[in-house]
Each structure stands twice: as C-alpha cells, then as structure tokens.
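Here is what each chain is made of, one letter per residue.
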Amino acid sequence: MNKEMVCVACPIGCSLVVELDKAGTILSVAGNQCKRGNEYAITECTAPTRTLTTTAKVLGGITPLVPVRSAKPLPKGLLIESVKLINALKIKAPIKIGDVLIANVLDSGVDIIASNSCPKM
Amino acid sequence: MLNYDLVVVGGGPAGMAAALKAKECGVNSIIILERAETLGGILEQCIHTGFGLHYFNEELSGPEYAYRFIDLVEQNEIEVKTDTMVLGISADNVVTATNNQEGIISIAAKAIVLAMGCRERPRGSLNIAGTRAAGIMTAGTAQKYVNIDGYLPGKKVVILGSGDIGLIMARRMTLEGAEVKMVLELMPYSGGLTRNIVQCLEDYNIPLKLSCTVIDIHGRERLEGVTIAKVDRNRRPIKGTEEYVACDTLLLSVGLIPENELSAAMGIEIDPVTGGPIVGENRETTHKGVFACGNVLHVHDLVDYVTIESQIAGEGAANYILALEEEAIYVTTKGIDGVRYVVPQRININSDKDVKLYFRVGQTYKNAKIFLENNEEIILSRRRPKLAPGEMEDITIKSEVLRELPVNSELIVRVEV
C-alpha cells in the first residue's frame, strides 16, 4: 500500500510517497530531498509529532504575555492537554529567552520553554 | 543635521541583516530607524516555528529568529532609534524622521537601505458587500491581539484567503479555544506553504474551500455571519451556490503589499508586479545610493531569504559608501510564460559575481522545466518536480556567463511543462 503525504519538516514541503506493507511496516520512502524527509515519513506513519507554540501569562512584565514553545516536537495527541497546562501558568517577570517554564510536560520528555525574553516592568 | 554613512529605514529582519552586513564590510557609521518600540519587526508576533531552517539550520520561532539579530546589532554597537518614524527622504539622501524625544530630525546619509516591509491588504481593497460590523480584521491584526496583547478577538471564525498568516491564525485561534469553521480561497490553489496547510488545517480538521469567496457580510454592531459562494474560472460567484455561515469573526489573509510610500515619493521606479522598487543585483534602486531589501522589495515566504537578500543590499550599500562599485553595464531580466516576476530586475554584468534570480510563477505546475534565455538562446534549464505561486523559486546565473551577455539585452526566465 502507498501513502502520500507532504513533508512538513521545512517550508519546501516535499511530496512524499511512503510504501507500507499490510502490517503497516514502512518499506520505502520516496520524494524527499533530504534525510529529514525520511525521518518525517517514519514518525508521521508511526507516532506523529508537532512543535507546539502558544503564549503564557506574565506577571509584572513589560508585556502581558510571553511566547512559549515545546523545545522539541511533542506527540500530536498531547498538544491540546499541554496548551491547557500552559494557559494555567502565571510566570513572574523577568523571563529570559530559553527559560524552561514546564519541565517534561505530561511526561513527554519535552520541556516547554520561553521563546522570547520579557523584562520586568 | 545628523550625519551617518548609512541610514537603514526599518529594524525588522531585513534592516538588521543589511546593517550588520554593511558593518562587516567596513562601514562604521550606521543608524537603524524603527517605527515600533523594539527591533524585530513582524517576527515579534510570529510566535510559531519554522523560521531559520535554511539560515541557521534550526527551527526557531519568530521572536527567537529576531533575537539572534537584535543581539548581534547590540554586540556590534550599531545605533538604533526606536519609536522613530521616517517621514520622507530627499533627492540628495537626507532622511527626515520624527519621535517624541527629539521632535523632527534630519539625517544626511551617504547611502540608505529601505527595509520598511509590507502590510496586509485590508477589507477595503476587496469590495465585499455588506455591513461594517465589528469582528472583521486582517489575520495579522488578530495575530497581534492574540500573541502580543492577549485578547481573543472572536469565538466563531471564518478566514478568507489562504495566505500563510491566515493558515497560521486558523491553528492559533483553535488552540486558544475558538472554533475556526473554514478557510476560503478565491483561487483554485492555496497561496500558503504546503506545510502550513498540513500543520494548521489538516491537523485540526479545518476545511479549506478552494474557488470560494465571501459575497455578503451580515450583522449590525457585531458580525453575525457571512454568505459564501463558489466562483467560476473568472472568479465570479456562481448563482445557486450561496451558503450562509454563522460567525462572529472574519479574518482576511488576502495578500501583502510592500510599503513603498517613501520610495515612490522620492521618485524610485516601482515594479508594477512586485509592488517594490526596481533593483540591480546589489539591490540598488533606480536612485543612486538607495538600496532596498526584504518585503518592501517583494513579498517573501521565508524570513531566511529576507536575511540573505538583505545581506546583499548591505554589502551593496557598503560598496557604494566605500566607492568600490564597478561601473554599471546592465542587462535586464524578465519573466514570461507563467513567470510573474523576476528580482533583481537588472544585473550589472561587470559585477563579477554569480547572481541568483528569484521569481514566482502564476499557477501550480508539476514536472516543469525552467529556462533561462538570452536572445532566444537557452543559457540553462532546470527541472522542478513542483512549482507553486506561494513558493518562491530561484535560479543562479554564473558570472562568466553574465560577462558574455550583450549589453542592454534581456535575460528571460520562463516555465514549460
């Protein structure tokens, strides 16, 4: 069986064709221009992941929010739950870019980090 | 009157990269003028990732990408005036600007880099019938409300236009708890990057309706709904396909316009297709000593390309200031047969550099071939498995080939299936 997909590893967006057997084992990946495409096809067919980006509330900062993201891609199924946890945060300024705001979110092994700095008011 | 060798108008990714490159090339007297409170430009509100994959080989968010350059601007002690709006530039390169500390200031510059970016097309340019209810805004405005100010501008959302900002906001509004009902696209293809269609729409089961548009807007105070319809090949609504969609918010992601009021006012020639200045391979405009780069020159899909282009402009400005420019003998470039535009629009064949031509196609192609021609002779051709209007393409011409081209001849870029 062939499965067609578009690689989202980078903005080029290669059209991939993944060849699978009946048990869902990947036999081959074609159409990718780099090895990231190969990795993407494999995770997309087995355990799809996405980088999560959102904002968190800041107390006493120059801005009311700080942008945050998952340091690495998260399993797709954990995205909505992670957003709920992030929305419950109230972080005191100052915040530095790269600060870990939630370590190991939902036991995923991935940290939620600040993706900008927010100095004190 | 202040004096600087280089004045950079705009402190977004384009302005910062141009200033840094000029500094690296030996220009020491540089100032960046920025209208907003901070450097970084639109990247500050683009909190999604996908920036830097080409330039840094890493996937960064917008603020992270901007931060790397803000940091370098500080380290290199390049002067910056924020909250400062440029009002005009004279024919002899005197920049008039204003801020609330100094009033009106004049800055004489040897060279100027224009890096003002672009802005979104508003509702007014679409001529959609209906009321002027609250809840209709550009996708970028909604992005600022959600990501910077912390307000969700609505709960039931329809997005008109499938540009990247619209797609990104479809996901963003969904994550913040809004219901995004659909994204409508007038054209039979999306103007956004494929990866955004996958990650922002398909992941959240948001339908993308191609060849569809909004034909009426309902609601007195607040938007209550829109009437949508399918369109035919001439983009005219088809009778009988009308459908009412209840919503309280309509986001518009219908294109970006380079912000060239300053450029046009100083008599710089504007390319009617790109909406940006006509430039040479060093990104010099038709006005001596004035360079342009980034979205003010032509709208880019990736900031990485903005950075690379702005470094070319920064180096060009440095060469002009340091009197290292070669005498100019130009050939012009032109896109035909499906190629909508080519940047740069002209090339100094004395420049002794390989030149990358950036271009966009007007429709999608599969297994296409790109030809570069001069005087009906094919100089080179490249195969592309896929071409789309939303994705900028490039083709490189070698300096040794350039040097042999007849003076004032035309370099043609075209597509063939």
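Residues numbered from 1 in each chain as written. Chains lettered and ligands numbered in written order. Predicted model: local features only at pLDDT ≥ 70, side-chain atom pairs only at ≥ 80, totals over all residues. Heavy atoms only, no water.

## Some details on the domain arrangement of chain A
Interfaces are often sized by the accessible area lost when the parts come together. Stated formally: An automatic or database domain assignment supplies the start and end points of every domain.
In terms of domains, chain A is made up of domain 1 (2–46) and domain 2 (53–114). Placing the centre of domain 1 of chain A and that of domain 2 of chain A at their C-alpha centroids yields a distance of 30 Å.

## So, the sheet that holds strand E23 (residues 355–361) of chain B
Residue and element names in this part refer to chain B. Rule in force here: Being paired, for any two strands, means DSSP has found at least two bridges between them. Under the DSSP-based scheme used, a helix requires at least four consecutive residues in state H or I and a strand at least two consecutive residues in state E, with every element numbered from the N terminus. To get an axis, fit a line to the C-alpha atoms, keeping to the stretch in contact for a helix; angles then go from 0 to 180 degrees between the N-to-C directions.
Spatially, the 3 strands line up as an open sheet ordered E21-E23-E26, and their pairing is antiparallel. At either margin of the open sheet sits one strand with a lone partner, and together these are strand E21 (339–343) and strand E26 (393–397). Ignoring which end each strand starts from, the neighbouring axes of this sheet average 30 degrees apart.

## Describing the interface of chain B and chain A
Here is the rule: In what follows, residue pairs with any heavy atoms lying within 4.5 Å of each other are defined as contacts. Buried area: the accessible surface (1.4 Å probe) lost by two parts on joining, summed over both. Any Lys or Arg side-chain nitrogen located within 4 Å of an Asp or Glu carboxyl oxygen qualifies as a salt bridge.
Tallying the contact residues gives 32 residues for chain B and 33 residues for chain A. At the boundary of chain B with chain A, total buried surface from both sides reaches about 2,500 Å², with 55% on carbon and sulfur atoms. Considering only the side of chain B, the residues that lose the most area to chain A are Glu64, Leu175 and Arg195 of chain B, jointly responsible for 20% of the buried surface there. Joining chain B to chain A, the criterion identifies 3 salt bridges.

## A few points about the sheet that holds strand E1 (residues 2–6) of chain A
Residues and elements named next belong to chain A. Read from one edge of the open sheet, 3 strands run E1-E2-E3, paired in antiparallel fashion. One side of each edge strand has no neighbouring strand; the edge strands of this open sheet are E1 and strand E3 (26–30). In this sheet, neighbouring strand axes are inclined to one another by 20 degrees on average, regardless of whether the strands run parallel or antiparallel. Sheet analysis places strand E2 (residues 15–20) next to E3, joined by 4 bridges and oriented antiparallel. Residue Val18 lies in a different strand from E3, and its bridge partner there is Val29.

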